[in-house]
2 protein chains.
Amino acid sequence: MATQRDLPEAENPLLMKLGGFMPLSRDDRQAIVHASRKVRSVQAHCDIISDGERPNHVHLIIDGWAARYKILPNGERQITAYLIPGDFCDLHVTILREMDHGIVALTPVSVADISRHEMDTLCDDRPRLMRAMWWATLVDEGVLREWIVNIGRRDAYARIAHLMCEMHVRMRNVGRAEEGAFHLPLTQDHLADTLGLTPVHINRMLQRLRAEHLIELGGRTLTILDPVGLRSAAGFDASYLHNNEQNGR
Amino acid sequence: MATQRDLPEAENPLLMKLGGFMPLSRDDRQAIVHASRKVRSVQAHCDIISDGERPNHVHLIIDGWAARYKILPNGERQITAYLIPGDFCDLHVTILREMDHGIVALTPVSVADISRHEMDTLCDDRPRLMRAMWWATLVDEGVLREWIVNIGRRDAYARIAHLMCEMHVRMRNVGRAEEGAFHLPLTQDHLADTLGLTPVHINRMLQRLRAEHLIELGGRTLTILDPVGLRSAAGFDASYLHNNEQNGR
DNA sequence: TCTACGTCCTAACCTACGTTAATGGCCACA
DNA sequence: TGTGGCCATTAACGTAGGTTAGGACGTAGA
């Protein structure tokens, strides 16, 4: 399962992500490449970590999409985050007794398993790296807050547009988007479970976004035809993503 | 402004909160009491930290209620968290360039300002304490996720009930609730801005919760008359709060 | 070639919640 | 002893989004 070939630096998504926050030394970069060497494959639709589990490793997404989700007693599902290359599933969850939610692969996913010990030495030896990973968790928290705002205070149309804007920026940050087009492997059911809507209504709003020439969506690829229009429909302000580079485009 | 009298241990909410996660040594306890000695008062309705600010200190709520909030371009407000005694406003926000939201005092609030330096030495010298504070931030994250589930997938009635259950557990954890009654200094407008509803509809649902003898609410005090009934109306499962003690009651 | 299944799409109808607006209680302050 | 402001409450009415139930299409596997 585990391949031992190191990813070339240019393809390492964590490197790209953290590099967008602060410049990293050659040693820091190599330490990251080294830490993410043990890559494992997970099939689509399989849990990477299940609710109630107590993981021994820290899991880092190298390739593919995953979703954090919770199941309600009545069987309904709420997705609380999307995880894309460069995202940690459970950066410090070893402190808690057990997972209070599950993480499922939406596509075939490559995960790097990083042992608790390896993580500790990484943080101890490389304070700048630790700082960069702190930054990443704080951004994740900011994203959670923005999702609350999104679901709580925007209508269905703006909600979808906002999610698209966010995922576009995040995909660009790890070199997974170009020219406003990127891989969005979500069904309308996923979108519904993410945004607190029904699949039927998601469909209606997608039609509208298409009719207004803001997006093209098909074959699991999203193309943003009119970035300015989409952002204004969403009321999107990227500052909560705390990127160094100029935000938005 | 700042009073120099140390809070007696029994009244220090952070001590109570962290103690609910792991037993703390005498030295750890004194370190916390010492760190929270510089207490400052903030009037109700004033920002403790404003959007865009870059705080120099870490702020710890010692007494009173505060709310994290974001304002949308159209002027609407979404509250993304309630902060009660023992909660940090911005535990590691010094890493980010600036705040991406504001924090407002809902009642007169006592805040302890802890300098960045003091925080660092606390973490360096007392690894157990650092671990306990990690735990607290992870729980905060879990709460954010649960709020997404709450707003996304529960109806208005269950949403309100769920918030009440959560705040009850959290208030109990810091010794601020007894016999199912506690101080809830929120207007119906606050509840609306928290739960993605309108004040009018909040009112309707409160009437219903009262009519069904689940709660009493008045004079800024919430009394939970029927804890089991309220929890079942909410679909509340406290495991996301990761307490040591038996959850729920 | 047929069947099974997942996904997208649409239509008709329904309801939980929003909107607007008015009333009354309470309390601080003149 | 008023008066203004905040807050809770209620009613009448409007609508965004939910529900139910289909049909069309593509793909996988027998």
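Here is what the cut-offs are and how they apply
Residues numbered from 1 in each chain as written. Chains lettered and ligands numbered in written order. Predicted model: local features only at pLDDT ≥ 70, side-chain atom pairs only at ≥ 80, totals over all residues. Heavy atoms only, no water. Helix = DSSP H or I, 4+ residues; strand = E, 2+ residues; numbered from the N terminus. Rg over C-alpha atoms; globule rule 2.2 N^0.38 Å. Buried < 20%, exposed > 50% of the residue type's maximum accessible area, 1.4 Å probe, protein only. Areas by Shrake-Rupley, 256 points an atom, 1.4 Å probe, with all protein chains shown as cover. Lys, Arg positive; Asp, Glu negative; His and termini not counted. Charge placed at Lys NZ, Arg CZ, Asp CG, Glu CD. Patch = residues over 30% accessible without salt bridge, like charges linked within 9 Å, V, L, I, M, F, W, Y side chains within 5 Å. Salt bridge = Lys/Arg side-chain N within 4 Å of Asp/Glu carboxyl O. Least-squares fit on C-alpha atoms with pLDDT ≥ 70 in both. Contact = heavy atoms within 4.5 Å. Domains from an automatic or database assignment. Buried area = accessible area lost by both parts, 1.4 Å probe. Axes fitted to C-alpha atoms, helices over the stretch in contact; angles between N-to-C directions. Parallel < 35°, antiparallel > 145°, perpendicular 65-115°, else oblique. Nonpolar A, V, L, I, M, F, W, Y, C, P; charged D, E, K, R; others polar. Pairing = 2+ DSSP bridges.

Caption draft 1: Structural detail: the overall build of chain A. Tallying secondary structure elements over chain A gives eight helices and eleven strands in all. The C-alpha atoms of chain A give a radius of gyration of 18 Å, which matches the 18 Å a tight globule of 249 residues would have. With 249 residues in all, chain A has 58% of them scored as buried. Working note: accessible area of chain A is about 10,400 Å², and carbon and sulfur atoms make up 50% of it. For chain A, the separation between the mean place of its 29 positive charges and that of its 33 negative charges on side chains is 2 Å.

Caption draft 2: Here's a closer look at a negative patch on the surface. A contiguous patch of negative charge on the surface is contributed by A:Asp47, A:Asp51, A:Glu53 and A:Glu98. Mapped onto the elements, A:Glu53 comes out in the loop between strand E2 (47-49) and strand E3 (57-63).

Caption draft 3: Highlighting the relation of the copies chain B and chain A. Here chain B sits on chain A after a turn of 180° about the axis and a move of 0.0 Å along it, with an RMSD of 0.0 Å. The transformation just described matches what one would write down for a two-fold rotation axis. Across chain B, the rotation axis passes nearest the C-alpha of B:Ile148, at a separation of 2.8 Å. An overlap of 100% is found between the interface residues of chain B and their copies at the interface of chain A, pointing to a shared contact surface.

Caption draft 4: Broad picture of the domain arrangement of chain A. Residues and elements named next belong to chain A. What the domain assignment lists for chain A is domain 1 (9-126) and domain 2 (154-241). Taken over C-alpha atoms, the centre of domain 1 sits 24 Å from the centre of domain 2. Listed per partner, the contact involves 17 residues of domain 1 and 18 residues of domain 2. Summed over both partners, the interface of domain 1 with domain 2 comes to about 1,500 Å²; 59% of that surface belongs to carbon and sulfur atoms. Ranking the residues of domain 1 by area buried against domain 2 places Trp65, Arg77 and Tyr82 at the top, with a combined share of 43%. One can count three salt bridges joining domain 1 with domain 2.

Caption draft 5: The arrangement of the environment of A:Phe182 in detail. Considering the arrangement of structural elements, one finds A:Phe182 in strand E9 (residues 181-183). Measuring from C-alpha to C-alpha, the distance between A:Phe182 and A:Asp113 comes to 26 Å, with 69 residues separating the pair along the chain.

Caption draft 6: Local environment of the packing of helix H3 (residues 116-125) of chain A against helix H4 (residues 127-153) of chain A. All names here are of chain A. Packing of H3 against H4 leaves a shortest axis separation of 5 Å and a crossing angle of 110°. Here H4 runs roughly perpendicular to H3, going by the angle between their axes. Of the residues in H4, those in contact with Met119, Leu122, Cys123, Asp124 and Asp125 of H3 are Pro127, Leu129, Met130 and Met133. Residues that form the contact of H3 with H4 fall into these classes: seven nonpolar, no polar and two charged.

Caption draft 7: Structural detail: the sheet that holds strand E5 (residues 77-83) of chain B. Judged by pairing direction, the sheet is antiparallel, and its four strands sit side by side in the order E2-E6-E4-E5 (chain B) without closing on themselves. If you trace the sheet from one side to the other, it starts and ends with strand E2 (47-49) and E5 of chain B, each paired once. Each neighbouring strand pair of the sheet contributes to a mean axis angle of 35°, computed without reference to strand direction. Bridging between strand E4 (residues 66-71) of chain B and E5(B) involves six bridges; their strand directions are antiparallel. Residue pairing in the sheet places B:Ala66 in a bridge with B:Leu83 of E5(B). Strand contacts of H4(A): E4 and E5 of chain B, with the helix running at about 130° to E5(B), the strand carrying the most contacts.

Caption draft 8: Representation of the pairing of strand E6 (residues 102-105) of chain A in the model. Residues and elements named next belong to chain A. Neither face of E6 is left uncovered, since the one carrying Gly102 and Val104 and the one carrying Ile103 and Ala105 both have all their residues buried. Where E2 meets E6, two bridges bridge the pair, whose relative direction is antiparallel. Within E6, the position partnered with Ile49 by the bridge is Ile103. Direction of pairing for strand E4 (residues 66-71) relative to E6: antiparallel, over a ladder of four bridges. Of the residues in E6, the one forming a bridge with Tyr69 is Gly102.

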